[in-house]
Structure formats: C-alpha cells, structure tokens
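# Structural overview
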Amino acid sequence: MTLANYRQRFFIENAPVRGDVVKLTDAYQTVIAQKPYPNAVKMLLGEMMVAASLLIGTLKINGRLSVQLQSNDDNAKLNWAMAECDHTGAVRALAGFVPSDEWATKTTSDDAFAMLKGGVLFISIHPEKGESYQGIVERVSDNLAECLAYYQKQSAQIPTLIKLATDDVAAGGILVQLLPQSKEDKDNDPDLWDRLSALTTTIKPKELTDLPADELLYRLYHEENVVTPEPSGLQFDCTCSAQKSAAALVQLGHDEALQMLKTHEGNLVLDCGFCGAEYTFDKKAVDELFAQ
Ligand SMILES: [Zn+2]
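Residues numbered from 1 in each chain as written. Predicted model: local features only at pLDDT ≥ 70, side-chain atom pairs only at ≥ 80, totals over all residues.

### Quick word on the overall build of the protein
Cut-off, in case you're wondering: Helix and strand assignments follow DSSP, with helices taken as H or I runs no shorter than four residues and strands as E runs no shorter than two, numbered in order from the N terminus. We call two residues in contact when the distance between their C-beta atoms, placed using the backbone, is within 7 Å.
Scanning the protein from terminus to terminus reveals eleven helices and 14 strands. Seen along its three principal axes, the alpha-carbon backbone of the protein occupies a region of about 75 × 45 × 35 Å. Residue pairs in contact within the protein that sit at least 24 positions apart in sequence constitute 62% of those at least 6 positions apart.

### A closer look at the pairing of strand S6 (residues 119–127)
Let me state the cut-off plainly: By this definition, two strands are paired if DSSP reports at least two bridges between them.
In this structure, strand S3 (residues 63–71) lies alongside S6, joined through nine bridges in antiparallel fashion. Along S6, the bridge assignment pairs Val67 with Ile123. The pairing of S6 with strand S7 (residues 133–137) spans five bridges and is antiparallel. Paired with Ile125 across the strands is Tyr133, a residue of S7.

### Details of the nonpolar core
Operational definition: Here, a nonpolar core denotes buried Ala, Val, Leu, Ile, Met, Phe, Trp, Tyr and Cys residues that are linked to one another through C-beta atoms within 7 Å. The burial label depends on the number of other C-beta atoms within 10 Å of a residue's C-beta. Counts of 20 or more mean buried, 12 or fewer mean exposed, and intermediate counts mean partly exposed, with C-beta atoms placed from the backbone.
Counting 68 residues, the largest nonpolar core has Leu24, Leu45, Met48, Met49, Ala51 and Ala52 as the members making the most contacts within it. Ranked by the residues each element gives to this core, the list is headed by helix H2 (residues 39–56), at 13 residues. Non-local contacts of Met48, meaning those with residues more than four positions away in its chain, are made with Val67, Ala81, Ala83, Ala93 and Leu144.

### Looking at the sheet that holds strand S5 (residues 90–97)
Defined as follows: To obtain an axis, a line is fitted to C-alpha atoms, over the contacting stretch when the element is a helix, and the angle between two such axes runs from 0 to 180 degrees between their N-to-C directions.
With mixed pairing, six strands are arranged side by side in an open sheet as S7-S6-S3-S4-S5-S12. The outermost strands of the open sheet, each flanked by one partner alone, are S7 and strand S12 (235–236). The strands that helix H4 (residues 144–156) touches are S6 and S7; relative to S7, the one it contacts most, it runs at about 120°.

### Quick look at the domain arrangement of the protein
This is how it is decided: For each domain, the first and last residues come from an automatic or database assignment.
By domain assignment, the protein separates into domain 1 (6–236) and domain 2 (242–291). For domain 1 and domain 2, the distance between their C-alpha centres works out to 36 Å.

### With respect to the pairing of strand S4 (residues 78–86)
Judged by how many residues are buried, S4 sits mostly within the fold: seven of nine residues are covered. With seven bridges connecting them, S3 and S4 associate as antiparallel partners. Bridge pairing in S4 links Ser66 to Glu84. The turn linking S3 back onto S4 is made up of six residues. In terms of strand pairing, S4 meets S5 through seven bridges, oriented antiparallel. Of the residues in S5, the one forming a bridge with Leu78 is Phe97. In sequence, S4 turns back onto S5 through a hairpin of three residues, with Gly89 there showing a positive phi of about 90°.

Here it is as structure tokens:
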C-alpha cells in the first residue's frame with residue numbers, strides 16, 4: 001500500500017538517534033484549495049502542516065499540537081497562520097491574509113513568514129487530558145524550520161535537525177534528534193551527530209517533496225543502519241461540527257444572532273474556513289438554541 005500522506009519513523013541501529021519523515025500530498029492540496037491563497041502563503045502552510053505532523057510525533061500524548069503565527073502589526077499582509085495535527089494523524093491548516101500586489105513578488109515560505117512583520121511564532125499542545133501548554137518560539141530567522149530546530153534544542157535540550165519544503169504538489173520534511181547519549185555511545189561513535197548533521201544538510205527541497213520516505217532515508221543515510229517501522233497515515237480532517245457552530249452562536253448572544261438572521265434574510269450560515277463546511281441556522285433553530 002502506498003500512502004499519500006504519512007509519517008515514517010526511523011531509528012539508526014545501536015545509536016541514540018530517532019527521526020521522522022513526513023510527506024503530505026492530497027491533505028496539503030485540500031488545505032490550499034480552501035482560499036485564494038498567494039503562492040508564498042501556500043508554501044508556508046505546507047511547511048507548517050509538516051512541522052505540526054513532525055512535532056506531535058516527538059510527543060507521547062493523545063491530543064493535538066498546533067504551530068501558529070500571529071502578527072501584531074496592523075500593516076502586515078499576513079495576519080496569522082496555523083496548522084495542527086493530532087495523535088490520529090488528522091491535519092488541517094488555515095491562514096488570514098490581506099490580498100495585495102505585494103504578494104506577486106513573494107514566492108517562498110520565508111517570504112510569507114516575513115510578511116507577518118512583527119509578531120510571534122508559537123507551539124501549543126492540547127492533550128485530551130490535562131492542561132494545554134503554549135511555548136513561544138524565538139524568531140531566530142524568517143525560516144520556520146530553523147526557528148523550530150532552535151526551539152527544540154533550547155527547550156528540550158535535544159539536538160534537533162529539521163528540514164521542511166513545499167512545492168505546488170506536495171509538502172515534506174524530516175526531523176532528526178540526538179537522544180541522550182551514554183558514555184559508551186559517545187566512545188563508540190564520537191562523531192555520530194556531526195556526521196548525521198552534515199548528511200542531513202545535503203537534502204534538497206525537491207527531494208523532501210518528491211522522494212518517498214524510504215528513498216529519502218537511503219539517499220541520506222545509506223552508510224548507517226536505518227531501521228523503519230510501519231509508517232503512520234496522516235489525513236486531512238476537520239474538527240468542526242454543528243454543535244461547535246451552535247456553541248459559537250450562543251457565545252454571540254441572542255440579540256446578535258437575531259440581528260444576523262435579519263441581515264441574512266432568515267438563514268444564518270456559519271462556514272468553516274478549514275474545510276468549507278457550512279452550518280445553517282434558521283429562526284426556529286436560533287430560538288431553540290436560546291430557549292435551553
Ligand atoms: Zn471544518
């Protein structure tokens with residue numbers, strides 16, 4: 001079976017190294033088809049989806065992880081962007097942007113990141129049980145992979161390599177981590193991490209988007225003994241629902257909802273930006289919501 005969207009875990013035999021390769025094709029296509037995104041924003045969303053899928057693979061939780069960008073500059077043409085992945089492999093992503101001629105000259109994910117101007121990059125983790133957690137990722141550059149690798153190294157004290165890439169068709173990436181080494185590990189193979197780092201930096205973006213995980217791993221580490229368990233599937237999936245839309249209406253308040261009904265000629269439609277689903281409420285449905 002060939003999976004179109006997957007995460008492939010790998011280990012190097014007898015070495016304290018683990019990693020994941022992520023590949024997204026139609027899940028990525030579905031996301032970028034939701035809005036008339038400028039090209040650079042598509043590239044960035046693809047990378048953010050891959051990043052969320054890679055990072056949740058490093059955690060042992062049931063829940064979801066999101067990678068988010070939030071501008072604090074009113075003149076920014078990219079207002080915000082977010083991508084999330086949960087433990088079942090469901091991914092989705094969305095961005096808010098201002099249409100502008102400026103986008104015409106922007107072609108890369110780094111360009112889109114820079115269009116955020118001032119603002120923050122952060123990771124939030126929402127376990128099904130227990131407290132949510134949010135970590136601010138230092139913007140060491142306008143390159144998502146560099147920022148995230150730096151964050152992993154600072155926050156988890158785990159040397160981490162991350163490479164991300166997107167083109168029109170697919171998004172892909174790799175994450176490699178050096179787990180704590182015993183003295184014996186270090187003595188046996190003192191230049192392990194230097195060697196892996198040098199090999200990993202030779203990856204070309206085209207290889208990340210085009211090559212299946214096993215070919216990519218062979219191309220990079222064929223002199224190491226790479227072990228690959230079964231890949232896990234990823235898929236586009238949205239967590240929106242009629243219930244959540246109804247709850248959002250209740251938050252607005254009865255008067256506001258009635259006003260919206262009036263301006264929309266009796267049918268209030270809430271649509272989900274992530275997947276395009278529409279939830280329609282007529283007068284009777286609105287009244288029922290507030291009668292409870
Ligand atoms: Zn949805």
